[in-house]
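# Coordinate inspection notes
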Amino acid sequence: MTSGATAPRSSLDRFIGWIEAAAAWFLAIVTALTFVSVILRYLFVWQIPDTYDISRLLLATFIFWGMAGTGYRGEHSTVDLLWSAFGATGRRVIDLFASVLTLFAMAVFAWMMGVKVIGTRADHVLTFDLRQPVWIYYALAWFGLIAAVVLLLIRLYRLLLHPDELPADGDGVAAAE
């Protein structure tokens, strides 16, 4: 093995990578749809039906799937003024508290989004042009929130029992410091 080789990834790490790749694909689809729509509108005075509805629904889906990876990696917006004033034990306690609080908030959010999916399906809400059911897009976004809850549970598990397996935070400081 050369010094540049990386260690084989566990199935859990591959699952996390798959979730992050899903968020990237949703962003790519929204970007492509917007680009093609603008080109068609300005060059050919024609638009793709439901471009606006599908773009905004997929943008929400991208955001929710992106929240999963961001929450797991701890790369969301933070204020580290208090955290940096503590030693390793104090930082670990703050990290644990923040992870539990974030997990609770995300679980409530996922629950309420699930209720919204069921309600939207029951109300038969459709897109304007193509009359596509909106609940399918809501469900896709909801799966992203479920992924966020699962990844936050994994983060909490690793923070408690295997802090060396957590990725470095946004500042490059290892979580196991």
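Each remark here, short or long, concerns the structure printed above.
These remarks concern the structure in this document. Fair warning: this is a prediction, and the values are worked out from it, not measured in the lab. (Residues numbered from 1 in each chain as written. Predicted model: local features only at pLDDT ≥ 70, side-chain atom pairs only at ≥ 80, totals over all residues. Heavy atoms only, no water.)

## Overview of the pattern of salt bridges
Counted only if it meets this: Put simply, a salt bridge is a Lys or Arg side-chain nitrogen that is within 4 Å of an Asp or Glu carboxyl oxygen. Counting from the N terminus, the helices are DSSP H or I runs at least four residues long and the strands are E runs at least two residues long.
Applying the stated criterion across every chain yields a total of one salt bridge. R56 is the salt-bridge partner of D53, the closest N and O atoms lying 3.4 Å from each other. Taken together, the residues span about one helical turn, with D53 and R56 both in helix 2 (residues 51–73) at a distance of three residues.

## Remarks on a nonpolar patch on the surface
Keep this limit in mind: A residue counts toward a patch only above 30% relative accessible area and without a salt bridge, and it is joined to like-charged neighbours within 9 Å or, for Val, Leu, Ile, Met, Phe, Trp and Tyr, to nonpolar neighbours within 5 Å. Under the convention used here, a 1.4 Å probe and the Shrake-Rupley method define accessible areas, while residue burial counts only the protein chains that appear.
Together, F35, V36, I39, L43, F44 and W46 line one region of the surface with nonpolar side chains, adding up to about 660 Å² of accessible area. When you line up the elements, W46 lands in the loop between helix 1 (11–44) and helix 2.

## Considering the nonpolar core
Selection criterion: Side-chain atoms within 4.5 Å link the members of a nonpolar core, which is a set of buried Ala, Val, Leu, Ile, Met, Phe, Trp, Tyr and Cys residues. The cut-offs for exposure are 20% and 50% of the maximum accessible area for each residue type, with area from a 1.4 Å probe on protein chains only; residues under the lower value are buried, those over the upper are exposed, and the others partly exposed. Any pair of residues with heavy atoms lying within 4.5 Å of one another is described as a contacting pair.
Counting residues in hydrophobic clusters, the biggest one holds 31 residues, and the most contacted among them are I19, L58, W65, A68, M106, L145 and L151. Of all elements in the fold, only helix 1, helix 2, helix 4 (88–123) and helix 5 (134–161) reach the threshold of two or more residues within this core. Here this core takes twelve residues from helix 5, the largest share from any one element. Among all residues touching W65, those that are not within four sequence positions of it are W18, I19, A22, A23, F26, L140, F143, G144 and A147.

## Focus: the side chain of S99
Looking at the element boundaries, S99 is found in helix 4. Among all residues touching S99, those that are not within four sequence positions of it are R155, L156 and L159.

## Quick word on the side chain of T51
Put simply, the rule is: Two N or O atoms count as a polar contact when they lie within 3.5 Å, although within protein this holds only if one can serve as hydrogen donor and the other as acceptor, and sequence-adjacent residues are included solely when both atoms are side-chain atoms.
With respect to the helices and strands, T51 occurs in helix 2. A polar side-chain atom of T51 sits 2.5 Å from the main-chain carbonyl oxygen of I48. Setting aside its immediate chain neighbours within four residues, T51 contacts L33 and S37.

## Let's talk about the packing of helix 1 against helix 5
Just so we agree on the cut-off: Axis angles are defined between N-to-C directions and span 0 to 180 degrees, where every axis is a line fitted to C-alpha atoms and, for a helix, only to the segment in contact. Each crossing is labelled by how the near helix is turned from the far one, with a counterclockwise turn of less than a right angle marking it left-handed and a clockwise turn marking it right-handed. Amino acid classes used here: Ala, Val, Leu, Ile, Met, Phe, Trp, Tyr, Cys and Pro are nonpolar; Asp, Glu, Lys and Arg are charged; the rest, including Gly, are polar.
Running from N to C, helix 1 and helix 5 cross one another at 145°; their axes reach a closest spacing of 11 Å. Handedness of the helix 1/helix 5 crossing: left-handed. In this structure, helix 1 uses L12, D13, F15, I16, I19 and F26 to contact helix 5, whose residues at the interface are L140, A147, V150, L151, I154 and R158. Split into classes, the residues belonging to the contact of helix 1 with helix 5 amount to ten nonpolar, no polar and two charged.

## Brief notes about helix 4
Structural remark: α-helix, 3.6 residues per turn; residues separated by three or four positions point the same way. To keep things clear, this is the line we draw: One fewer than the residue count of a helix, multiplied by 1.5 Å, yields its expected span.
In this model, helix 4 (36 residues) spans 52 Å end to end at C-alpha, consistent with the 52 Å of a helix rising 1.5 Å per residue. Within helix 4, burial applies to G90, R91, D95, L96, S99, L103, M106, A110, M113, G114, V117 and T120. Next to the buried residues of helix 4 lie helix 2, helix 3 (81–85) and helix 5. A positive phi of about 55° marks H124, the residue just after helix 4.

## So, the environment of A147
Positionally, A147 belongs in helix 5. Overall, A147 belongs to the buried group, its relative accessible area being 6%. A sequence separation of 78 residues divides A147 from G69, and the C-alpha atoms of the two residues are 8.6 Å apart. The residues touching A147, leaving out its near neighbours within four places in the chain, are I19, W65 and A68.

Read these as geometric descriptors, not functional statements.
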